[in-house]
Amino acid sequence: MNELLLIVTIAGQRVALPAAAVESVVELDTLIPVPRAAPHVAGLSALRSRVLTVIDCMRSLELGATDCSDGIREAAVVELDGHHYALIVDVVEDVVEPLSEPTPVRVAMGPGWERVSKGMVETESGPLLLVDVAPLISGAEARAA
Amino acid sequence: MDDLIADFVAESREMLEALGGEIVAWEANPDDRSRLDSIFRFVHTVKGNCGFFEFPRLEALSHAAEDALADVRAGRRHADGPLVSAVLAVIDRIGEMISAIEAGEEFPAEDDSALIDALEPGAEGAAAPTAVAVADTGRSSAPRTIRLSVELLDRVMSTVSDMVLARNELARRLREAPTEVSVGGAFERLSAIIAEMRDAITRTRMQRIENLFVALPRMVRDLSAELGKQVLVDIEGGDVELDREMIEMIRDPLTHIIRNAVDHGIEPPAERLKAGKREIGLVSVSARQSGNQILIDIQDDGRGIDGKKLVAKALDVGLLERDDAARLSPREQLALIFEAGLSTASEVTAISGRGVGMDVVRSNVERIGGIVEVDSTPGEGTRMTLRVPLTLTIIPALTVSIGNQHFAIPRSAIVEIVRANGESVTLDSVGGAGVATIRGIRVPEVALSAILGLESEIPEAERNLVVLRPAGGDVYALAVDRIHDHEELVVKPAAPAVMATGLYAGTTLADDGSPILLFDPAGLAEVGGVKLEVQERSARVADGPATATAKAVSVLLFRGLDGARRALRLAVVDRIEEVPASAIKHGAGQLRVQLGEAILPLAGANGDLGKEKVRVFRLNDGAHEIGYAFREVIDLSTIDNEVIPADNPAEVSGVTLIAGEPAELVDAHWLFANHLGTSARSSDDQPICRLPSGDPWMQNMLRPIVEAVGYRVVGDEHDGDADLVITSGREDGRGKAARTIVLRSEPEAAGAKDDSIYRYDRAGLLIALKSAGGGKGK
């Protein structure tokens, strides 16, 4: 596997996103809430005349809510099925090259993490969880359904 | 047809060009199966198309080539040199013929039989291969159209949409920062170009609805054959253009409706004959554009839909309560066909009638912002009408807000906007749910803040009610905090997680670059708990008693300016207007109010008019109008108690109990009788006076006096008899008038015989006018 990885921190955990899926990293300022939407949909934001659906990764992983009150949040913009999403993360760190193919994680993680896991990859800075973007976006409800 | 031929030419030419290389390769290696296949496909396609277009020569040629190649493909024959040459010669001839068709020329009458014979096994010496010539004829007139992939068009469209949004953002930045005039000018030009480009690209995505219609005759033919019926399809308006995406969206609903029409609508031939109809049933499909909508009518002359059967079925499956069922109007009965789980087919057929169908049709049509309506006369046929918007991407919308968040509502769904505290609106709470009464009609009312779970800063009474009619027909009122603006919004589909709420139809960007959610009115109603289907029925319940007891008189209960509780028969109230107090003035002997262009006598001004706004009923007796000032409307009610008449005829004709309290009943007749004065006489029984049209003195000075006495003034050109003619000379023909008054300009009479009147002798003039009018009218 020679796909680049974007290392981000979600809920204090360093995880890897497939860098190819990430279009850009942005700082969100205004957030327009979407009333009645699933809780992990933090709202809408605009990026260069495009509407982004903002996903609160912590809520999607059922690890509590990201505090959006202080304004600017870092987010990774991904495209899925023609829609653009901004995934709110704590910190965006770096792009690295994986040193291994993803391997199954052989220890029980939180249910949220289990759902988005694509396995564990070795990197220079140690093993990281490779996160699948789609279940992250569909949130906890989709799994129940 | 011309278009189809052009398509055929373009397609054939394209294939010919692509084939150019293949032919050469095949010639080099006649055993190459894939080359053989592509050449076979070409002649096969040409043959098929020729049969359709009636090009017998082309057909014969391609047919012969196809036969020969089919033999080769089946291994019955070996592709030897002469065969290859013969096939190539045929292909060349096809190319030439297609060029001739394209140029609209008659193809030189040659005999093709030599070419065809050359295809026969063992034939010798066909024309030498001239593959190059094909390419030449292809280039001789370059095609004026090119084929593009739909994805490319979609990409261009979405780029243009983005460009519009980017332009909006730039416009906002320019507004915020002071810019030079020249920059503004350049931006204006850019804007105009972008707008034009958007138009153009929208058009490129337009497709003729014919593409949807071409498949119908075949479908109907197959269906009717299967069902043992005879059905003719009549298609009209195939040249109407519609967004490509839209065409795809209506394909299924349209197909389904037509299947239904053939399966359930059209009767078997024997039954049709018995009913006195032609054996052959007719399904006509027509499309037309109306504003920014496309209307597609599907009409059959079959047995129609029996509303009562539908009702019975609905009762059976428990869709409807018996009480409600009795009150359905014929239209509502028919609308039941769109309910899930209802099918009138007595037996399930393979084609339709599984009870899934019309509800799916409706939801599919509604999803694209369309409406489907049904109209049917039992025994005569059914008409289904699909109304769909022209395009999906640009939607006129109204922006509203709640708290500080903006939302958009598609304008097509908005019926009207009223203030919650407006005089014609009352808000009630029924078991905690809102019911708004707007001009006497009860509609469910839901607060947007409640649906969205947002805080509203504005008290209920000060909100605005947006009356919505979601695709489908039933209205409800949505209370919003503020109404902002009408805008044309470029709407994009929202992410699935957002759409899952069922509330939104998409997202868009406002001018300030912030995202706005576009509501789906039907979804709002559903989430808000408005039962749309039930609603129409219960609205009828509300006015049901009124129609049942025909004697009950609807009255408008209001409070007069003097504070008295009064009622006025609803029938005489045309509408309610609000005028500035300055529009009410004394004029010509009584109080009058100016309403728009009209000046009407004003009644009811028995109290303080107030300083700013006065509310006025506009009363109409069919011929004349008067105004009636009042303070506020209390309610709409009916007189169902005894009316105690007043002793003397006056403004109030009696008192009665309305809603448990006494109210004075205003006598509209008395109002008109007393406030209209002379103008009350309708023109029919008014005496007619003819004045010379060309005489300015007559027209300007005399006419008002004559009219004040009660005459209707006509000019010279009036042909009929006049009751009175006023003239300044004796030459006017007296015969046509009952009486003539001659006016003279000198004070003194010319002689004893002179019965003319001095034109400033007002008293004499008035006496003459009144005595002349005495014979008729009053």
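The rules behind each value
Residues numbered from 1 in each chain as written. Chains lettered and ligands numbered in written order. Predicted model: local features only at pLDDT ≥ 70, side-chain atom pairs only at ≥ 80, totals over all residues. Helix = DSSP H or I, 4+ residues; strand = E, 2+ residues; numbered from the N terminus. Buried ≥ 20, exposed ≤ 12 C-beta atoms within 10 Å, placed from the backbone. Contact = placed C-beta atoms within 7 Å. Pairing = 2+ DSSP bridges. Axes fitted to C-alpha atoms, helices over the stretch in contact; angles between N-to-C directions. Parallel < 35°, antiparallel > 145°, perpendicular 65-115°, else oblique. Left-handed = near helix turned anticlockwise from the far one by under 90°. Nonpolar A, V, L, I, M, F, W, Y, C, P; charged D, E, K, R; others polar. Arc of directions from axis to C-beta. pLDDT = per-residue confidence, 0-100.

Peer 1: Residues and numbers for the overall build of chain B, please.
Peer 2: For chain B, the count of helices and strands is 23 helices and 35 strands. Within chain B, buried positions represent 34% of all 778 residues.

Peer 1: An account of the overall build of chain A is needed here, citing residue identities and associated values.
Peer 2: Along its length, chain A carries three helices and ten strands. Within chain A, residue pairs in contact and separated by at least 24 positions form 56% of the contacts whose partners lie at least 6 positions apart.

Peer 1: How would you explain the sheet that holds strand β13 (residues 441-447) of chain B if you had to name every residue and give the values?
Peer 2: Residues and elements named next belong to chain B. The strand order β10-β14-β15-β13-β12-β11 describes an open sheet built from six strands, whose pairing is mixed. Two strands close off the open sheet at either side, each with one partner strand: β10 (414-419) and β11 (425-430). Across the sheet, the mean angle separating the axes of adjacent strands is 30° when strand polarity is ignored. Bridge count for strand β14 (residues 464-468) against strand β15 (residues 476-480) is five bridges, and the pairing is antiparallel. Bridging across to β15, V466 finds its partner in L478.

Peer 1: Kindly report on the packing of helix α7 (residues 150-176) of chain B against helix α8 (residues 181-204) of chain B, identifying the contributing residues and their values.
Peer 2: Residues and elements named next belong to chain B. One can describe the packing of α7 onto α8 by two numbers: an axis separation of 10 Å at closest approach and a directional angle of 155°. It follows that α7 is roughly antiparallel to α8 by the angle criterion. Pair α7 / α8 crosses with left-handed handedness. Together, L153, V156, M157, V160, M163, V164, R167, L170 and L174 of α7 and G184, F187, S191, I194, M197, R198, I201 and T204 of α8 make up the contact between the two elements. Among the residues making up the contact of α7 with α8, the classes are represented as twelve nonpolar, three polar and two charged.

Peer 1: Please set out unusual backbone geometry residue by residue, giving values where relevant.
Peer 2: All names here are of chain A. A positive phi angle is found at A11, which is not glycine, with a value near 50°. Mapped onto the elements, A11 comes out in the loop between β1 (5-10) and β2 (13-18). C-beta crowding within 10 Å serves as the criterion here: with 18 such atoms nearby, A11 is assigned to the partly exposed category.

Peer 1: Kindly report on the sheet that holds strand β22 (residues 584-587) of chain B, identifying the contributing residues and their values.
Peer 2: All names here are of chain B. Within the open sheet, the six strands sit side by side as β21-β25-β26-β24-β23-β22. Their pairing is mixed. At either margin of the open sheet sits one strand with a lone partner, and together these are β21 (573-580) and β22. Between one strand axis and the next, the sheet turns by 40° as a mean value, whatever way the strands run. Here helix α21 (residues 668-676) sits on the sheet in contact with β23 (590-595), β24 (598-603), β25 (613-620) and β26 (625-630), set at roughly 110° to β26.

Peer 1: Give a detailed account of the pairing of β21 of chain B, specifying residues and quantitative values.
Peer 2: Residues and elements named next belong to chain B. By the criterion of burial, β21 is predominantly exposed, with just zero of the eight residues buried. Across seven bridges, the pairing between β21 and β25 is antiparallel. If you follow R575 over to β25, its bridge partner there is R618.

Peer 1: Describe helix α19 (residues 521-528) of chain B, with residues and values.
Peer 2: All names here are of chain B. The set of residues buried in α19 consists of P521, A522, L524, A525 and G528. Down the axis, α19 shows its buried residues gathered within 160° of arc, on one side only. In the stretch just after α19, G529 is the one whose phi turns positive, near 85°.

Peer 1: Tell me what's going on with the interface of chain A and chain B, and back it up with residues and numbers.
Peer 2: Contacts between chain A and chain B engage 19 residues on the former and 22 residues on the latter. Broken down by secondary-structure element, the contributors of at least two residues to the side of chain A that touches chain B are β4 (41-47), β5 (50-56), β7 (83-89) and α3 (133-144) of chain A. Looking at the side of chain A that touches chain B, the element that brings in the most residues is β4 of chain A, giving four residues. Broken down by class, the residue content of the side of chain A that touches chain B amounts to twelve nonpolar, six polar and one charged.

Peer 1: So what's going on with the confidence of the model for chain B? Residues and values would help.
Peer 2: Residues and elements named next belong to chain B. Per-residue pLDDT for chain B averages 75, and the proportion of residues at 70 or more is 83%. Across residues 345-356, where pLDDT falls below 50, the model places 20 contacts with residues more than four positions away in sequence or in other chains. Within the model, pLDDT remains below 50 along residues 774-778, and this stretch shows nine contacts once partners closer than five positions in the same chain are excluded. Across the whole predicted complex the pTM is 0.45, and at the interface the ipTM reaches 0.85.

Peer 1: Give a detailed account of the packing of helix α3 (residues 56-73) of chain B against helix α4 (residues 81-103) of chain B, specifying residues and quantitative values.
Peer 2: Residue and element names in this part refer to chain B. Interaxial distance between α3 and α4 falls to 10 Å at its minimum, and their mutual angle equals 155°. Classified by the angle between their axes, α3 and α4 sit roughly antiparallel to one another. As α3 runs across α4, the sense of the crossing is left-handed. Contacts from R57, L58, L61, S62, A64, A65, A68 and L69 in α3 reach L83, V87, V90, R93, I94 and M97 in α4.

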